[in-house]
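Each chain is listed here by its residues.
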Amino acid sequence: MRTPAEPAPGQAQIATLTMNPALDITTSVDLVRPTEKLRCQTTRYDPGGGGINVARVARVLGASVVAVFPAGGPTGDLLVSLLGDAGVPFRKVPIAASTRESLTVNETSSGQQYRFVLPGPRLTVREQAHCLEQLRAATESAEFVVASGSLPPGVTADFYQRVADICRHRGARLILDTSGGGLQHVSSGVFLLKASVRELRECVGRSLATEADQIAAAHQLVDSGRAHVVLVSLGSHGALLTTRRASQRFSAIPMAGGSGVGAGDAMVAAITVGLGRGWPLSKSVRLGIAAGAAMLMTPGTAACERADVERLFARSAEPCDVPRP
């Protein structure tokens, strides 16, 4: 028997890359007050970080997946153990520094949520190179690579462009979900870029107050060759999908509250799974919206349930065409 840490050669259709993984800690308290000791309730621990979250949801949806990530210290050991318990195959890159923690506190009296995200360990040049080596090995069988999440300290801003170059050379389609310098320094080679309005605004360097502005910015990225497809996530307002030829508006699935932590990662995971099934892009996005909505039904940063995703997908609406500005 192979353990989840030993992916069988030729089996993973989806490879995910998480350069800044985290041990996600979720707890609750009645009221958040400054300076006082806050007696928290039950604590939940999950393996986290963009690509790891994508891998967990893709696994739930039945896809063959392998997660590539650096990890170190006791926090990294616990993350690896939890990922193994979830049945997700992985390629761990050992690092000297300790993997970061990410804390989510739910205030039960108000329903508000507080999220504390730490910067992450500094990776050496050799550790970065080892991550790319493991990614190259994973792409021997992968049709899709999902690079998701922030870049930790020490990693050069053009790192995701190097990932794009590897994917181009290997013939894998890259799906990218990141922000800041890691996004702004990508110039080519992305199949699907998923961005929030804020991330899209940072990328093009101007205000995007209207839907027409957002679509124009997405077309700018497509026309320049930075991405073949741009998906703008709008949270409770759905999403916008832009290709060279057209744009479409997708409605959100109405949900009665819940935590949105991990919803974007679930969306990316399900879109990738849909594409891996040979589905059209628009149908895959509908599955992604369903997975994002299903995350509102889970505790902490737990992965959504496949049955919930399928039920919500059946409720999802067909997209509407949007004219190019």
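Refer to the structure printed above.
Attention here is on the structure that accompanies the text. Values in this document were obtained by computation on a predicted structure and should not be read as measured data. (Residues numbered from 1 in each chain as written. Predicted model: local features only at pLDDT ≥ 70, side-chain atom pairs only at ≥ 80, totals over all residues. Heavy atoms only, no water.)

**Remarks on the pattern of salt bridges**
Now for step 1: Considering all chains together, one arrives at 14 salt bridges under this definition.
Now for step 2: Here E143 makes a salt bridge to R173, at a shortest N to O gap of 3.2 Å. On the criterion of sequence distance, the pair formed by E143 in the loop between α3 (125-138) and β8 (144-148) and R173 in strand β9 (residues 173-177) is long-range, its members being 30 residues apart.
Now for step 3: Here R173 falls in the partly exposed class, since its relative accessible area comes to 30%.
Now for step 4: Across the salt bridge formed by R198 and E202, the nearest N and O atoms sit 3.0 Å from each other. On the criterion of helical spacing, the pair formed by R198 and E202 is a turn pair, its members being four residues apart in helix α6 (residues 197-204). (Salt bridge = Lys/Arg side-chain N within 4 Å of Asp/Glu carboxyl O. Helix = DSSP H or I, 4+ residues; strand = E, 2+ residues; numbered from the N terminus. Buried < 20%, exposed > 50% of the residue type's maximum accessible area, 1.4 Å probe, protein only.)

**Remarks on the pairing of strand β10 (residues 190-196)**
Now for step 1: Of all the seven residues making up β10, seven are buried; the element is thus mostly covered by neighbouring parts of the structure.
Now for step 2: Examined bridge by bridge, β9 and β10 share two bridges and lie parallel to one another. For L176, the partnering residue across the bridge sits in β10 and is L193.
Now for step 3: Note that β10 and strand β11 (residues 227-233) share six bridges and pair parallel. Looking across to β11, one finds that A195 is bridged to V232. (Pairing = 2+ DSSP bridges.)

**What to know about the sheet that holds strand β2 (residues 22-29)**
Now for step 1: Strand order in the open sheet formed by four strands is β3-β2-β6-β7, and the pairing between neighbours is mixed. Two strands lie at the open edges of the sheet, namely β3 (44-48) and β7 (112-117), each paired on one side alone. When strand polarity is set aside, the average angle formed by the axes of neighbouring strands in this sheet is 20°.
Now for step 2: Taken together, the eight bridges between β2 and strand β6 (residues 100-107) define a ladder with parallel strand orientation. By the bridge assignment for β6, A22 is matched with R100.
Now for step 3: Helix-sheet contacts for helix α1 (residues 50-60) involve β2 and β3, and the interaxial angle to β3 is about 100°.
Now for step 4: Against the sheet, helix α2 (residues 73-85) touches β2, β3 and β6, its axis set at about 90° to β3. (Axes fitted to C-alpha atoms, helices over the stretch in contact; angles between N-to-C directions. Contact = heavy atoms within 4.5 Å.)

**Focus: helix α10 (residues 306-315)**
Now for step 1: Taken together, the buried positions of α10 are D308, V309, L312 and F313. The buried residues of α10 occupy an angular sector of 135° when projected down its axis, which confines them to one face. The exposed residues of α10 that point more than 90 degrees off its buried face are A307 and A314.
Now for step 2: The inward-facing, buried residues of α10 contact α9 (281-294). (Arc of directions from axis to C-beta.)

**What about unusual backbone geometry?**
Keep in mind that most residues, glycine aside, have a negative phi and that most peptide bonds are trans.
Now for step 1: The backbone of T35 sits at a positive phi, close to 70°, despite the residue not being glycine.
Now for step 2: Within the fold, T35 resides in the loop between β2 and β3.
Now for step 3: Of the residues examined, T35 reaches a relative accessible area of 85% and is grouped as exposed.

**So, the sheet that holds β10**
Now for step 1: Overall, mixed pairing links the ten strands, which are arranged β5-β4-β1-β8-β9-β10-β11-β12-β13-β14 in an open sheet. At either margin of the open sheet sits one strand with a lone partner, and together these are β5 (90-94) and β14 (320-322). Strand-to-strand twist in this sheet, taken as the mean axis angle between neighbours without regard to direction, amounts to 20°.
Now for step 2: Helix-sheet contacts for α9 involve β10, β11, β12 (239-242) and β13 (247-250), and the interaxial angle to β13 is about 30°.

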